[in-house]
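An overview of the molecular structure
Listed here are the chains, written in short residue letters.
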Amino acid sequence: MPFISKEWFYALCIFLIPLSVGFDLPGGASISFPGELMLAVLAGMVAFQILLKPVNYKKILVAPTFSFAIGRIYLDAHFISIQ
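Residues numbered from 1 in each chain as written. Predicted model: local features only at pLDDT ≥ 70, side-chain atom pairs only at ≥ 80, totals over all residues. Heavy atoms only, no water.

1. Thoughts on the environment of G22
Note on placement: G22 falls in strand 1 (residues 21-24). Residue classification places G22 among the exposed residues on the basis of a relative accessible area of 59%. Setting aside its immediate chain neighbours within four residues, G22 contacts I31 and S32. (Helix = DSSP H or I, 4+ residues; strand = E, 2+ residues; numbered from the N terminus. Buried < 20%, exposed > 50% of the residue type's maximum accessible area, 1.4 Å probe, protein only. Contact = heavy atoms within 4.5 Å.)

2. Considerations on unusual backbone geometry
Note that the residue after F33, namely P34, is joined by a cis bond; omega there is 5°. Checked against the element boundaries, P34 lands in the loop between strand 2 (30-33) and helix 2 (35-52).

3. Digging into the pairing of strand 2
Two strands pair when backbone bridges link them, and strand 1 and strand 2 are joined in this way by four bridges, in the antiparallel orientation. Looking at the pairing, V21 lines up with F33 of strand 2. Hairpin connection from strand 1 to strand 2: five residues lie between these consecutive antiparallel strands, with G27 at a positive phi of about 90°. (Pairing = 2+ DSSP bridges.)

Shape is all these values report; function is a separate question.
Structure representation (structure tokens):
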């Protein structure tokens, strides 16, 4: 039995991320706790899932939403207005 189920973790992320509190760290860095910590754990879980059970990425790459997001990132990166 896992320590915590994925569903509970996702629910905690949705509930706690808006309630995160910023902390200043030495060296001028800052972190929002517990939001950024939970997002780092979530990214690790996703990476572990991809390594454990690879997904057919062709479905993702041909999705219209993915194409729109990549196009938007491209346009923002290449057509930045210089003031």
